[in-house]
Amino acid sequence: MNAFSTLTHSAPTSAEDRAALLAEPGFGKVFTDHMVTIRYTEGQGWHDATLGPRGPIALDPAAAVLHYAQEIFEGLKAYRLPDGGIGSFRPDANARRFNQSARRLAMPEIPEELFVESIRQIVQADAGWTPSADKGSLYLRPFMFADEAFLGVRPAKSYIFCVIASPVGGYFKGGKEAVTLWVSHDYVRAVPGGTGSAKCGGNYAASLLPQAHGIAEGCDQVLFLDAVERRYIEELGGMNIMFVMTDGSIITPPLDGSILPGITRDSLIALAGEAGYRIREERYSFEQWEEDTRSGALKEAFACGTAAVITPIGEVRSNKGGFVIGNGAGGDVARMLKEKLVGIQYGRVEDSHGWLERLA
Ligand SMILES: *Cc1c(COP(=O)(O)O)cnc(C)c1O
């Protein structure tokens, strides 16, 4: 693979406009000036890596992604470090997971170094868009889709890989700490043998209707149960889940093929283990969760993922009733783990795992 060619933006956002946008960026609404684009063609491989001005992508109306949804993505963040530099958290893990998703969707893999280099390119070009540590971070969204114009059903022969970047503050509006979950008994997110462990747009498309039902019920997020028995807790539409027990253990559903292998999940398993918690990657049923909450065997539950890091679960509702966790406002274990993880991400706490990757 050849080097990146760089097309500088002829009219980047002024420092003044950028400061106004960074004051309250919200989540996923504000975008930086540049994007990375790399093309793949069967027979030729990856080519034409470009860092250029962000803008629309022209697609043939028969582009395979528009019909058969060959699309995958990643989500990671760049953080402002104490010395003014910029780091990111385990981008190599995102690169590996991206390629696992690519294999499941019959798409070409991208060399891990090229994936990480594309992130470095956009972060360096748009360094001024990375918020200060107290304001937020720069969310990075690598994605790949099939652009071959062909309506036959088979893996496409050409693809576009892109990275865009978006400065973000908090993920959930209003900055409320604990969320209320809606447990969907009518819909599932993923099935054994399906695409649940791949980070693909199709999984999100399937989660939107149940998510809308949850919102209509006054909840923030939907929790999905397993597709076969409709009993075991899997995860949220875009976050994994953990349960803190009174006996000093933490339960999280095992990666059995229909759950997305979260990098936050994996990092928290390591940090919680070091903090003395016994990690149990075990199936856990919704009935058991309710019973353990009522008996006091469970003291906290939280969701985890890159976008919102750790989000305490305050209340659970479904069409069969509901229950409140602890005092409904989140607990100490979630707070302690969040502080440790965020401390490493922003370079404030010693990174004994080598998770932090300096980008600028
Ligand atoms: C991205 C994602 C997660 C969280 O993964 P992280 O690597 O921790 O950000 C969890 N569940 C789903 C369905 C996801 O798409």
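Remember, predicted model here, so these are calculated numbers, not experimental data.

Let's shift gears to the site of the ligand. If you check the shell around the ligand, you find 15 residues, and the closest are Lys199, Tyr204, Glu235, Thr264 and Thr306. Lys199 has a polar side-chain atom sitting 2.7 Å from an oxygen atom of the ligand. In the complex, 97% of the free accessible area of the ligand, which totals 380 Å², lies under the protein chains. Partitioning the shell around the ligand into residue classes produces four nonpolar, seven polar and four charged.

Next up on the list: the pattern of salt bridges. Enumeration according to the criterion identifies 21 salt bridges in this entry. Measuring nitrogen to oxygen at the nearest pair gives 3.0 Å for the salt bridge that ties Glu315 to Arg317. The network of salt bridges with common partners includes Glu229, Arg231, Arg283 and Glu287.

What follows deals with helix 7 (residues 286-295). Because the α-helix completes a turn every 3.6 residues, residues three or four places apart line up on one side. Three or more residues of helix 7 are buried, namely Phe286, Trp289, Asp292 and Thr293. End-on, the buried residues of helix 7 take up no more than an arc of 125°, which puts them together on one face. Facing away from the buried side of helix 7, by more than 90 degrees, are the exposed residues Arg294 and Ser295. Directly beyond the C-terminal end of helix 7, a positive phi value near 95° is found at Gly296.

Take empty space enclosed by the protein next. The tally for this structure, following the rule as stated, stands at three cavities of 30 Å³ or more. Empty space within the largest cavity amounts to approximately 100 Å³. Forming the walls of the largest cavity are 13 residues, and the residues nearest its centre are Tyr79, Phe89, Thr264, Thr306 and Gln345. Of all the secondary-structure elements, those providing two or more residues to the lining of the largest cavity are strand 5 (76-80), helix 6 (263-274) and helix 8 (332-345). With three residues, strand 5 is the single largest residue contributor to the lining of the largest cavity. Split by domain, the lining of the largest cavity shows at least three residues from each of two domains, domain 1 (5-170) and domain 2 (174-345). Considering only enclosed or pocket space, the second largest cavity measures out at about 50 Å³ in volume. Around the second largest cavity, the lining residues are Asp226, Tyr232, Ile233, Glu234, Pro253, Pro254, Asp256, Ile259 and Arg283. For the lining of the second largest cavity, the per-class residue count stands at five nonpolar, no polar and four charged.

Okay, the environment of Pro254 next. Inspection of the secondary structure puts Pro254 in the loop between strand 13 (249-252) and helix 6. The spacing of Pro254 and Glu234 is 20 residues in sequence and 8.6 Å in space, taken between C-alpha atoms. With near-sequence residues (within four places) excluded, Pro254 lies in contact with Ile259, Arg265, Glu281, Glu282 and Arg283.

Here we take up the pairing of strand 17 (residues 321-324). Each regular strand shows side chains that alternate between the opposite faces of the sheet. Of the pairings in the sheet, the one linking strand 16 (residues 309-318) to strand 17 comprises four bridges and is antiparallel in character. Paired with Glu315 across the bridge in strand 17 is Val324. The antiparallel hairpin formed by strand 16 and strand 17 contains two residues in its connecting segment.

Before going further, it helps to examine the packing of aromatic side chains. Counted under the stated rule, the structure contains 16 aromatic pairs. Seen in terms of ring centroids, Phe73 and Tyr204 are 5.3 Å apart; in terms of plane orientation they differ by 65°. Their pairing is edge-to-face. Placement of the pair is Phe73 in strand 4 (residues 71-73) and Tyr204 in helix 5 (residues 201-216), with a sequence separation of 131 residues. According to the relative accessible area criterion, Phe73 is buried, its value standing at 7%. In this structure Tyr204 comes out as partly exposed when scored by relative accessible area, which is 28%. With a centroid separation of 5.4 Å and an interplanar angle of 45°, the aromatic rings of Phe98 and Phe115 are classed as tilted. Taken together, the positions of Phe98 in helix 3 (residues 91-104) and Phe115 in helix 4 (residues 112-125) put the pair 17 residues apart, joining distant regions of the chain. Residue class for Phe98 comes out buried when judged on its relative accessible area of 0%. The exposure class assigned to Phe115 is buried, which follows from its relative accessible area of 0%. Among the aromatic residues, those joined into a cluster by ring pairs are Tyr40, Trp46, Phe98, Phe115, Tyr159 and Phe161. Sitting over the ring of Phe31, Arg54 keeps its end group 4.3 Å from the ring centre.

The rules behind the values
Residues numbered from 1 in each chain as written. Predicted model: local features only at pLDDT ≥ 70, side-chain atom pairs only at ≥ 80, totals over all residues. Heavy atoms only, no water. Near = heavy atom within 4 Å. Polar contact = N/O pair within 3.5 Å; in protein donor to acceptor, adjacent residues only side chain to side chain. Areas by Shrake-Rupley, 256 points an atom, 1.4 Å probe, with all protein chains shown as cover. Nonpolar A, V, L, I, M, F, W, Y, C, P; charged D, E, K, R; others polar. Salt bridge = Lys/Arg side-chain N within 4 Å of Asp/Glu carboxyl O. Buried < 20%, exposed > 50% of the residue type's maximum accessible area, 1.4 Å probe, protein only. Helix = DSSP H or I, 4+ residues; strand = E, 2+ residues; numbered from the N terminus. Arc of directions from axis to C-beta. 1 Å grid on protein atoms, 1.4 Å probe; cavity = no way out; pocket = protein on both sides within 12 Å on 5 of 7 lines; lining within 4 Å. Points joined across faces, edges and corners; volume = space filled by probe spheres on them. Domains from an automatic or database assignment. Contact = heavy atoms within 4.5 Å. Pairing = 2+ DSSP bridges. Phe/Tyr/Trp six-rings, centres within 6.5 Å; stacked < 30°, edge-to-face > 60°. Lys NZ or Arg CZ within 6 Å of the ring centre and 35° of its normal.

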